[in-house]
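So you can see what is in the structure, the chains are spelled out below.
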Number of protein chains: 2
Amino acid sequence: MALKSWVVSANDPQTDFPLANLPYGVFRHQHSQRIGVAIGEQILDLGACASENLLAPLAAEIIDACTASVLSPLMAFGPEAWTMLRLRISELLSADHASDDTLHRVASALVPMREVEMQTPVQIGDYTDFYASIHHATRVGKLFRPDNPLLPNYKYVPIGYHGRASSIVVSGNEVRRPSGQIKPSLGAEPSFGPSRSLDYELEVGMFIGAGNSLGMPIPIDEAEQHIFGLCLVNDWSARDIQSWESQPLGPFLAKNFATTISPWIIPLEALAPYRVPVSARPEGDPVPLPYLVSSAAKGAIDLTLEVSLQSSQMRESNIPPMRVSRGNMRDLYWSIAQLVTHHASNGCNLRPGDLLATGTISGPAEGSEGCLLEMKHRAEPLRMPNGESRVFLEDGDQVTFLAFTQREGLPRIGFGECTGMIIAAV
Amino acid sequence: MALKSWVVSANDPQTDFPLANLPYGVFRHQHSQRIGVAIGEQILDLGACASENLLAPLAAEIIDACTASVLSPLMAFGPEAWTMLRLRISELLSADHASDDTLHRVASALVPMREVEMQTPVQIGDYTDFYASIHHATRVGKLFRPDNPLLPNYKYVPIGYHGRASSIVVSGNEVRRPSGQIKPSLGAEPSFGPSRSLDYELEVGMFIGAGNSLGMPIPIDEAEQHIFGLCLVNDWSARDIQSWESQPLGPFLAKNFATTISPWIIPLEALAPYRVPVSARPEGDPVPLPYLVSSAAKGAIDLTLEVSLQSSQMRESNIPPMRVSRGNMRDLYWSIAQLVTHHASNGCNLRPGDLLATGTISGPAEGSEGCLLEMKHRAEPLRMPNGESRVFLEDGDQVTFLAFTQREGLPRIGFGECTGMIIAAV
């Protein structure tokens, strides 16, 4: 049923990047930085395609945007342009493609993934992080308020806060353990030193495409048109710094030392066949306020999310990473459209390349916790295959997120990995 | 004692911009955007100075930065370059200046302030807002916790949070009243509509010059070398949205609809003669942790700050703006160096053009409150000269901040104004 590509590795049933995916990224190769599209184990260099005149049917300004070194010009166009470009790239890579000459020219625009260094895909203007998983909010809330874990605003307001854009790094970068003020217990004096409660947070990010003008909200039925695509986000968190600094203005240094994103941006169009009905709100939950209710809701995204962990001891003993949790994006309480619309509901302007993340995605069951903090509810600490155990991350630990979606009769689509290794504090 | 300029308006004792000030800004004039320095009622166009070869004694890359259309390249150099450029500009504008020919060329690089439109001086990467006034924190805390207004972390942690960079506008822009979720009382259901508790917050902003690398803290004794200069900031706040959304992650839509900055960036060097000893911490307050203690503290900044308000009725009746408060930056609990060092203490990277704001600056006495919320402690609501009164801002209200410093034998240095008028919600 699914279309095949003449790029052989794209037809492997286990690839993240079949012809049906076509995610965008920015890569460095031979000292230049270009825009590309992942296909199997290759990258289609869009700058080279433009030079080879392979994008000719498209408008000149779209072709121009393909020759940029970041994705922001392409992001700014909006969904019509994205669809046209996606269609053209799909034609170029499809096995049904016509002439040998064209195929030869397209092949010359392919770069093997293993030869490149992926970059952050755009200069991120503003980064916002939400708190859209009710299972995460409930488990974290229980640690502080066992009898009343969810705050009264949770089922009305898609809670969010501003994160730090400068410290967003792309998958593969090491993450230095932060130091900060820590107050070990109620009576103790705070002291300054390396965090002892370093955690990851498993999230999905949305890159904003076309923005809105300052002062003008985004109606819920138009919200998804402003989303260029999705990636994975690891919102590294120092829990000990967080608990001492967060009142009354929220997390700050506990989060802004590093955030890791996966390098490929998956277009919403690629994910369209994998949408599923939003689960009904539990009985008794309030109906969302009208500005958050869509007459044409596109459904949740059925995206499986996995976290794996490998310690330095495991690496040295050639023990592969251990999966520590598996969740699904469909378990979010708020949809991506609701997050975008809420963000702009006061007139706040979103700009091309802004990053919005969902917040930690957790499911209801044990084994679907999106961060280590939530695993405090388990009877046992996390045990690794070599006998080590973890409450929080140790130096040398490598945390890797994966995401994929699949459905009977359709190819599997993956996000590529989002990985980072903890290195010792300064 | 003070040097005179041959630009006559710079010698007016009431000007904000004498020869001793020389703040940087970005202006539009005759369809081009350039960097300039304020002098009296004129702007010295640095691009024109470069073309006229007036900056010749400086290094080529500094001259290059002067021809840019934003200040970030100049900011990135660091204090040595700033000092050299400042010295050269001071020479060019000083009344002692030598040749008539040079003077003629400098005069041709002057643009009258009234002919330009000021711009945001740089594309702000990240915006951080602190909470450095203990008087503000105490008065606001009292509204929620009358017996225990200050949270236990306040005297240890310079509390801060991330703000929104996209919605920062320059003085003179109108500010649209935001809509949002509002929950009028404990039992009531929330509804969505225009904020009824719109407030201003009087703050000082610091523009970061040279940054630090991700993972590398900034020692307290080097902190001020990373500050390019200061401006005024109005962190507009919708108190009703804020009180409902802020738990547990802090303010979000209550603040990110607009932030107004004054257009001129006052170099720290210009403020050096106006530094005053930091007031001793009240007896019993904890000593700051060592990373926040400077062996060479430069002192607080003796900067008088004023807020004035003019309603549309007052404007129509030609009643001038009424001063509603006067405070001083020296009343801050945390110094600007402490804010910078704390921000980078976990390795968070600051970049040229990042904006850090102090948070609302209030003094201990009635009349020095930096926002309307704090005035709830007054016996009477704010009365205007035409009989109107205010608890929060109404549509048509124009809020203007001014700041200046003066000292016996030295000229008065001002910041220029930071003003914005509220317009009706969408």
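The structure this text deals with has already been given above.
One structure accompanies this document, and this report is about it. (Residues numbered from 1 in each chain as written. Chains lettered and ligands numbered in written order. Predicted model: local features only at pLDDT ≥ 70, side-chain atom pairs only at ≥ 80, totals over all residues. Heavy atoms only, no water.)

Further remarks concern the pairing of strand β25 (residues 398-407) of chain B. All names here are of chain B. For strand β20 (residues 304-310) and β25, the ladder comprises seven bridges, and the chain directions are antiparallel. Looking at β25, one finds that Thr304 is bridged to Phe404. The loop that links β25 with its antiparallel partner strand β26 (residues 410-414) comprises two residues; one of these, Gly409, has a positive phi angle of about 85 degrees. (Pairing = 2+ DSSP bridges. Helix = DSSP H or I, 4+ residues; strand = E, 2+ residues; numbered from the N terminus.)

This brings us to the pattern of salt bridges. Going through the model one piece at a time under the given rule, you end up with 48 salt bridges over all chains. Residue Arg390 of chain A is joined to Asp397 of chain A by a salt bridge in which the shortest nitrogen-to-oxygen separation is 2.7 Å. By relative accessible area, Arg390 of chain A is classed as buried at 7%. Residues Arg326 of chain B and Glu306 of chain B are paired through a salt bridge, measuring 2.4 Å at the closest nitrogen-oxygen approach. With Arg326 of chain B in strand β21 (residues 322-328) and Glu306 of chain B in strand β20, this residue pair connects regions lying 20 residues apart in the sequence. Each of Asp199, Glu201, Asp235, Arg239 and Lys255 of chain A takes part in salt bridges that share partners, so that together they form one network. (Salt bridge = Lys/Arg side-chain N within 4 Å of Asp/Glu carboxyl O. Buried < 20%, exposed > 50% of the residue type's maximum accessible area, 1.4 Å probe, protein only.)

Attention now moves to the sheet that holds strand β5 (residues 117-119) of chain A. Two pairing modes exist for strands in a sheet, parallel and antiparallel, and in both the strands are linked by backbone hydrogen bonds. Residue and element names in this part refer to chain A. The sheet built from five strands is open, its strands ordered β4-β3-β2-β1-β5 with antiparallel pairing. The open sheet has two edge strands with one neighbour each: β4 (110-112) and β5. With direction set aside, neighbouring strand axes in the sheet form an average angle of 45 degrees. Sheet topology note: the strand β3 (residues 42-45)/β4 ladder contains three bridges and is antiparallel. Each residue of the ladder has a partner; that of Ile43, found in β4, is Val111. This element, helix α4 (residues 79-93), spans β1 (24-29), β2 (32-39), β3 and β4 of the sheet and lies at about 60 degrees to β1. (Axes fitted to C-alpha atoms, helices over the stretch in contact; angles between N-to-C directions. Contact = heavy atoms within 4.5 Å.)

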